[in-house]
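Residue-level listing of the chains:
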Number of protein chains: 2
Amino acid sequence: MNKEIFIKLLQQRQFKAVRSILDVMNEVDIASLLSKLDDKELALAFRLIPKDKAAEVFSNMDTSMQSYLVEMFTEKELKELLDDLYMDDTVDMLEELPANLVNRILNTVSATDRKMINQLLNYPDDSAGSIMTTEYVDLRDTMTVGQAMAHIKRTGIHKETIYTCYVTERRKLVGIVSAKDLMTTEDDVPIKDLMETEIISVTTHNDQEYVAQLFTKYDLLALPVLDADGLMVGIVTFDDAMDVMVDEATEDITKMAAINPSEKTYFDTSVFQHAMNRIPWLLILMLTSIITGTIITKYENAFAAIPLLVSFIPMLMDTGGNCGSQSATLIIRGIALDEIHFKDLFKVVFKEFRISLIVGAALSIVNGLRILIQYRNPSLALVIAFSLIGTVIMAKMVGCMLPLLAKKVHLDPAIMASPLITTLVDTFSILIYFNIATLLFKL
Amino acid sequence: MNKEIFIKLLQQRQFKAVRSILDVMNEVDIASLLSKLDDKELALAFRLIPKDKAAEVFSNMDTSMQSYLVEMFTEKELKELLDDLYMDDTVDMLEELPANLVNRILNTVSATDRKMINQLLNYPDDSAGSIMTTEYVDLRDTMTVGQAMAHIKRTGIHKETIYTCYVTERRKLVGIVSAKDLMTTEDDVPIKDLMETEIISVTTHNDQEYVAQLFTKYDLLALPVLDADGLMVGIVTFDDAMDVMVDEATEDITKMAAINPSEKTYFDTSVFQHAMNRIPWLLILMLTSIITGTIITKYENAFAAIPLLVSFIPMLMDTGGNCGSQSATLIIRGIALDEIHFKDLFKVVFKEFRISLIVGAALSIVNGLRILIQYRNPSLALVIAFSLIGTVIMAKMVGCMLPLLAKKVHLDPAIMASPLITTLVDTFSILIYFNIATLLFKL
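- Looking at an unreviewed UniProt entry, one finds chain A named Magnesium transporter MgtE, with [Ruminococcus] lactaris ATCC 29176 as its source organism.
- UniProt, in its Function (unreviewed entry) section for chain A, records the words "Acts as a magnesium transporter."
- Here is the UniProt Subunit (unreviewed entry) comment for chain A, exactly as written: "Homodimer."

### With respect to a negative patch on the surface
Line of reasoning, step 1. Side chains of A:Glu56, A:Asp92, A:Glu95, A:Glu96, A:Asp125, A:Asp126, A:Asp207, A:Asp243, A:Asp247, A:Glu263 and B:Asp219 sit close together on the surface and give a patch of like negative charge.
Line of reasoning, step 2. Those elements giving two or more residues to the negative patch turn out to be helix 8 (87–96) and helix 16 (238–256) of chain A.
Line of reasoning, step 3. Top element by residues in the negative patch is helix 8 of chain A. It accounts for 3 residues.
Line of reasoning, step 4. Mapped onto the secondary structure, A:Glu56 falls in helix 5 (residues 51–59).
Line of reasoning, step 5. Judged by its relative accessible area of 39%, A:Glu56 falls in the partly exposed class.

### With respect to the sheet that holds strand 3 (residues 172–178) of chain A
Residue and element names in this part refer to chain A.
Line of reasoning, step 1. Judged by pairing direction, the sheet is mixed, and its 3 strands sit side by side in the order 1-2-3 without closing on themselves. Two strands in the sheet have a free side with no partner beyond their single neighbour: strand 1 (138–139) and strand 3.
Line of reasoning, step 2. Pairing analysis gives 6 bridges linking strand 2 (residues 164–169) to strand 3, with the strands arranged antiparallel. Within strand 3, the residue paired with Thr-164 across the bridge is Ser-178.

### Some details on the UniProt feature "domain: CBS" (unreviewed entry) in chain A
Residue and element names in this part refer to chain A.
Line of reasoning, step 1. According to UniProt, the feature "domain: CBS" (unreviewed entry) maps to residues 132–194 and 195–251 in the numbering used here.
Line of reasoning, step 2. Along residues 132–194 the backbone is 32% helical and 24% strand, and the end-to-end C-alpha distance reaches 26 Å.
Line of reasoning, step 3. Taken end to end, residues 195–251 is 44% helix and 23% strand, and its two terminal C-alpha atoms sit 38 Å from one another.

### Describing the packing of helix 17 (residues 271–298) of chain A against helix 20 (residues 345–375) of chain B
Line of reasoning, step 1. Where helix 17 of chain A meets helix 20 of chain B, the axes come as close as 9 Å, and the angle between the chain directions of the two elements is 35 degrees. Considering only the axes of helix 17 of chain A and helix 20 of chain B, their crossing is right-handed. Counted together, A:Val271, A:Phe272, A:His274, A:Ala275, A:Met276, A:Arg278, A:Ile279, A:Leu282, A:Leu283, A:Met286, A:Leu287 and A:Ile290 of helix 17 of chain A and B:Lys351, B:Glu352, B:Arg354, B:Ile355, B:Ile358, B:Val359, B:Ala362, B:Leu363, B:Val366, B:Asn367 and B:Arg370 of helix 20 of chain B form the full contact between these two elements.
Line of reasoning, step 2. When its residues are assigned to classes, the contact of helix 17 of chain A with helix 20 of chain B shows 16 nonpolar, 2 polar and 5 charged.

### Overview of the domain arrangement of chain A
Residues and elements named next belong to chain A.
Line of reasoning, step 1. Taken domain by domain, chain A comprises domain 1 (3–128), domain 2 (138–237) and domain 3 (271–441).
Line of reasoning, step 2. For domain 1 versus domain 2, the distance between C-alpha centres works out to 29 Å.
Line of reasoning, step 3. With both sides pooled, the region where domain 1 packs onto domain 2 buries about 840 Å², and carbon together with sulfur makes up 54% of that total.
Line of reasoning, step 4. Summed over the shared surface of domain 1 and domain 2, the number is 0 salt bridges.
Line of reasoning, step 5. The interface formed by domain 1 and domain 2 holds 5 residue pairs in polar contact (both at pLDDT 80 or more) in total.
Line of reasoning, step 6. In terms of residue class, the side of domain 1 that touches domain 2 is made up of 4 nonpolar, 1 polar and 2 charged.

### Digging into empty space enclosed by the protein
Line of reasoning, step 1. Inspection of every chain in the model, using the stated rule, returns 4 cavities of 30 Å³ or more.
Line of reasoning, step 2. Reported here for the second largest cavity is a volume of approximately 70 Å³.
Line of reasoning, step 3. A:Ile290, A:Gly293, A:Thr294, A:Thr297, B:Ser311, B:Phe312, B:Arg370 and B:Tyr375 are the residues that line the second largest cavity.
Line of reasoning, step 4. At the level of elements, helix 17 of chain A together with helix 20 of chain B are the ones that each hand at least two residues to the lining of the second largest cavity.

### Overview of the UniProt feature "transmembrane region" (unreviewed entry) in chain A
Residue and element names in this part refer to chain A.
Line of reasoning, step 1. The feature "transmembrane region" (unreviewed entry), as annotated in UniProt, sits at residues 353–373, 380–405 and 417–441 in this numbering.
Line of reasoning, step 2. For the annotated span residues 353–373, helix accounts for 100% and strand for 0% of the residues, and the straight-line distance between the end C-alpha atoms is 30 Å.
Line of reasoning, step 3. A distance of 37 Å separates the end C-alpha atoms of residues 380–405, which is 100% helix and 0% strand.

### Brief notes about helix 19 (residues 313–336) of chain B
Residues and elements named next belong to chain B.
Line of reasoning, step 1. Taking 1.5 Å per residue as the helical rise, helix 19 with its 24 residues ought to reach 34 Å, and the 34 Å between its terminal C-alpha atoms agrees with that figure.
Line of reasoning, step 2. Of all 24 residues making up helix 19, 22 are buried, and the element is well covered by its neighbours.
Line of reasoning, step 3. Count one or two residues on from helix 19 and you reach Asp-338, which has phi positive near 65 degrees.

### Examining the pattern of salt bridges
Line of reasoning, step 1. Applying the stated criterion to the full structure yields 24 salt bridges over all chains.
Line of reasoning, step 2. Between B:Lys343 and B:Asp344 there is a salt bridge, with the nearest N and O atoms lying 3.7 Å from each other.
Line of reasoning, step 3. The class for B:Lys343 is exposed, based on a relative accessible area of 69%.
Line of reasoning, step 4. The exposure class of B:Asp344 is buried, given its relative accessible area of 8%.
Line of reasoning, step 5. Where salt bridges share partners, they join A:Glu251, A:Lys255 and A:Asp412 into one cluster.

### A few points about the nonpolar core
Line of reasoning, step 1. Ranked by internal contacts, the top residues of the largest apolar core, which has 170 residues, are A:Leu34, A:Phe46, B:Leu34 and B:Phe46.
Line of reasoning, step 2. Once residues lying within four places of it in the same chain are set aside, the contact partners of A:Leu34 are A:Leu42, A:Ala45, A:Phe46, A:Ile49, A:Val57, A:Met61 and A:Met65.
Line of reasoning, step 3. Residues A:Ile384, B:Ile296, B:Ala302 and B:Leu380 belong to the second largest nonpolar core, which totals 90 residues.

### Digging into the relation of the copies chain A and chain B
Line of reasoning, step 1. Between the two copies, chain A and chain B, the superposition gives an RMSD of 0.1 Å; the rotation angle is 180 degrees and the shift along the axis is 0.1 Å. Here the transformation between the copies is reduced to the relation of a two-fold axis.
Line of reasoning, step 2. A share of 100% of interface residues in chain A that are also interface residues in chain B marks the association as one of identical surfaces.

### Details of the packing of aromatic side chains
Line of reasoning, step 1. With the rule as written, the count across this model stands at 18 aromatic pairs over all chains.
Line of reasoning, step 2. Note on B:Tyr266 and B:Phe267: the rings are 5.2 Å apart at their centroids and 80 degrees apart in plane angle, and the pair reads as edge-to-face.
Line of reasoning, step 3. Ring geometry for B:Tyr433 versus B:Phe434: centroids 5.1 Å apart, planes at 45 degrees, classification tilted. The same class applies to B:Tyr433 and to B:Phe434, which are both buried.
Line of reasoning, step 4. Here the aromatic residues A:Phe46, A:Phe58 and A:Phe73 are joined through ring pairs into a cluster of three or more.
Line of reasoning, step 5. Taking NZ or CZ as reference, B:Lys347 lies 4.2 Å from the ring centre of A:Phe267, over its face.
Line of reasoning, step 6. A cation over an aromatic ring shows up here: B:Lys351 above the ring of A:Tyr266, its NZ or CZ 5.7 Å from the ring centre.

### Some thoughts on the side chain of B:Asp240
Line of reasoning, step 1. If you trace the backbone, B:Asp240 turns up in helix 16 (residues 238–256).
Line of reasoning, step 2. The side chain of B:Asp240 sits in the buried core without any salt bridge; A:Lys180 is the nearest counter-charge, 13 Å away.
Line of reasoning, step 3. Beyond its immediate stretch of four places on either side in the chain, B:Asp240 contacts B:Asp88, B:Ile131 and B:Glu160.

### Topic: the pairing of strand 6 (residues 232–237) of chain B
Residues and elements named next belong to chain B.
Line of reasoning, step 1. Counting buried positions over the 6 residues of strand 6 gives 6, a clear majority of the element.
Line of reasoning, step 2. The pairing of strand 5 (residues 222–226) with strand 6 spans 5 bridges and is antiparallel. In the sheet register, Pro-224 faces strand 6, and the bridge partner there is Ile-235.
Line of reasoning, step 3. If you look at the hairpin formed by strand 5 and strand 6, you'll find 5 residues sitting between the two strands, and Gly-230 has a positive phi there, around 80 degrees.

Calculation rules
- Position labels on residues start from 1 in each chain and follow its written sequence.
- Working convention: letters from A go to chains and numbers from 1 go to ligands, in the order in which they are written.
- Reporting in this predicted model follows two pLDDT cut-offs: at least 70 for local features of residues, and 80 or more for side-chain atom pairs to be given and counted; totals over whole chains, interfaces and linings ignore these cut-offs and use all residues.
- Only hydrogens and water are set aside; all other atoms, that is, all heavy atoms of the structure, feed into the side-chain values.
- UniProt positions are given in the numbering used here, feature names are shortened, and annotations may be inferred rather than shown by experiment.
- Patches were defined on residues exceeding 30% relative accessible area and lacking a salt bridge, with like-charge contacts within 9 Å and nonpolar side-chain contacts (Val, Leu, Ile, Met, Phe, Trp, Tyr) within 5 Å.
- Residue-level accessible areas treat just the shown protein chains as cover; the underlying method is Shrake-Rupley with a 1.4 Å probe.
- Salt-bridge detection follows one rule: a side-chain nitrogen of Lys or Arg within 4 Å of a carboxyl oxygen of Asp or Glu.
- As used throughout, the charge tally considers Lys and Arg to be positive and Asp and Glu to be negative, leaving His and the chain termini uncounted.
- One atom stands in for each charge, and that atom is NZ of Lys, CZ of Arg, CG of Asp or CD of Glu.
- Labels follow the DSSP assignment, with helices taken as runs of H or I lasting at least four residues and strands as runs of E lasting at least two, numbered in each case from the N terminus.
- Residue burial is assigned from relative accessible area. The probe radius is 1.4 Å, only protein chains are included, and a residue is buried under 20% of its type maximum, exposed over 50%, and partly exposed in between.
- Being paired, for any two strands, means DSSP has found at least two bridges between them.
- Angular values range over 0 to 180 degrees, each being the angle between N-to-C directions of two axes fitted as lines to C-alpha atoms, with helices fitted over their stretch in contact.
- Left-handed describes a crossing in which the near helix is turned anticlockwise from the far one by less than a right angle; the clockwise case is right-handed.
- The contact definition used throughout considers only heavy atoms, calling two residues in contact when any of these lie within 4.5 Å.
- Side-chain classes follow a simple rule in which Ala, Val, Leu, Ile, Met, Phe, Trp, Tyr, Cys and Pro form the nonpolar group, Asp, Glu, Lys and Arg form the charged group, and the remainder, Gly included, forms the polar group.
- Domain boundaries shown here were taken from an automatic or database domain assignment.
- Summed over both partners, the accessible surface that disappears when two parts come together, traced with a 1.4 Å probe, is what is meant by buried area.
- Think of a polar contact as two N or O atoms within 3.5 Å of one another; within protein, one of them needs to be a possible hydrogen donor and the other a possible acceptor, and neighboring residues in sequence only count if both atoms come from side chains.
- Here a cavity means grid points, on a 1 Å grid over the protein atoms only, where a 1.4 Å probe fits yet cannot get out; a pocket means an open set of points with protein on both sides within 12 Å along at least five of seven lines; lining residues are those with an atom within 4 Å of a point.
- Grid points are joined across faces, edges and corners, and a volume is the space filled by probe spheres set on the points.
- Every helix has an expected span of 1.5 Å times one less than the residues it contains.
- Here the nonpolar core consists of buried residues drawn from Ala, Val, Leu, Ile, Met, Phe, Trp, Tyr and Cys, with membership extended through side-chain atoms lying within 4.5 Å.
- We place the copies in one frame by least squares, fitting the C-alpha atoms of every residue whose pLDDT is at least 70 in both.
- Pairing of aromatic rings covers Phe, Tyr and the six-membered ring of Trp, with a centre-to-centre limit of 6.5 Å; geometry is then stacked below 30 degrees between planes, edge-to-face above 60, and tilted otherwise.
- For a Lys NZ or an Arg CZ to count as sitting over a ring, it must be within 6 Å of the ring centre and within 35 degrees of the ring normal.

What follows is the structure in structure tokens.
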């Protein structure tokens, strides 16, 4: 939809035309179109959205637009919107809104909903409880398929998903039936005979990354969430799991690049906030690289005697850093995808050791030959070749072990990637280099 | 399920017990349990899997297990399995199997299926066509809800998803109806009145990353795929889109760490293959860091006069590298998530410039003060402070521009991250440093 045409129609108060445009547009696209309007136009346009789309458009808006609308709504409008919003979207919004608007919303909803919302707001960030919704289809195992379908027809429209139905007995989950099974089975079959009883579930305090892993592993559409007593309290739907997967990958990528992760997009984060997310790790890394510098000064005599030695420092440090981050990255990703665990430590170390022998040999031969040809200095070629092999082995050992050790002591493996590994690898590579040089050149 | 108990039951030929275990287990878990058996046990166990689960268990197995089973199946068994496998899973398997088994399978399926399979095998890797399936629910707009539900009951069991139904007219897609709408609407309502006509679709040659982005953006369960003539040829389902998202993130992360990506997991990749994936970039980076080394030798006089200068090289190069990869990483991820585009180049550069002023100032002040206190040498403090600001600005400019330029000329932005940026930033930071030092110390 062309934004200019839409605004023009709105300003000319051609409401019928605006309404018919909104009628065919997708909720996500409407939200994105509305984000380009000013506040007054936004209020006007929002009221023209067909009622059955309004809640979903609203949940796709950013916080500033939601705030503005909540502030501007009449009591009645707000109540209607909240009735149509899914519980998890309401909670997501409340987590971002200013306190006065949160109060306004909590005063508008019913006492039952208020209790539920407060409970959901209390789950820890990044837990299954914080991303679940409480609207799911609840069946009894005494129903028949026909009765279940009738039940869904009556209540389904207000559920976030009806494609997985939950069979409960006094809030205890006893089975799962898919809508596919219901739709392709004769009406008189009892639910008891149709339901699956081997159920994959999570608890409210499970980490959201674990939840997302279950979705990919089992190709799930929804996953039931149980409380500490094993009673069913809600479901996580696949769209929220997809968001978690994308967010967790972004978080890992950001951390590996030595940046404190932000929940906002690049452009939504202010210049100052960007700087604050980046400075801490840069400072730590800068100050630790001073260690490397200090070590170098210890070998002043060496490079005073053979100044050429200095020119190999960048190559050795870079290669070490790159080798270390190669290993670390593969291990960190493997941990995130649940493919590598701490019990594999020895297996990983042995594999990386063999890899580093091949890699080290290849790099040493290429570089040794180059030095031999360029400087006709066999001792120098040997020093560099040995230093390279040593550096590669050391870097890959450090790179593969640190993330696994971090995981073991419940630190974030991704943090280990670039920052700490770089420092260790730099220091060790300088030590290896100058020790081999001192030894071979008898400095 | 305990593996030892299961194998024991199998060896004691307690087939009834084995069957009842397999009866309650999930398909994914059965595949993982079977992967721990030897070939003879595998063949035995696979035949005991309930018929309605066998195809899904099979599609969750790895290639070597699938090969073994296909080889061992009777004609009849193979035919039964292929009938139950979804088209996209069959094609996935054929892409990996050895040629003789591919022929065996193509000879077993019907002529129509063979034609379809050959067509699917021909779509380029990473295209929508290569991940789509051809089994979807096809409705007419002249049907009523009741007729549509009856149609689904008859044919739905063989469709990969029935939750999004497609209304076509001579293979042209005219509308979409969700199973939720069908299940919550009265039987006599015509499909024409219920269907959505604003349809999000892709073509067979669209990139799979774009397909996955649409799934997250619009929270889709399935997406119709059209051919070059606009006729409907298949659908992509959300589980395949989730896999694509995970794979693409892994690929980006791997490339950013200067590794050629592999489609296999860490442990499934051989030591030699790991080494081959890592050596090329290490070689390129090593040889280019020789440039940096060569530049350093040009300034031999400088560090012969003031040896202390050498000790700041690691700190400056590290900081430059880290600053560059911070910016590059955020931009690359933004591009992957469709949040940053080439048209934003100027906006990005201006933002990164302001960020680098703050970051550069912070790092310079801390480091300048340290040098002032440690060496009581104001000129040295100034040289380092100015070099740091220069390096940070340069690194962030290079880091943010290269990925966007790469995208513009259809190269992979992720490749730009660590490798090329490191080299450029290293070279420039040495140049900045020694030029400022030469100037201020009048060397």
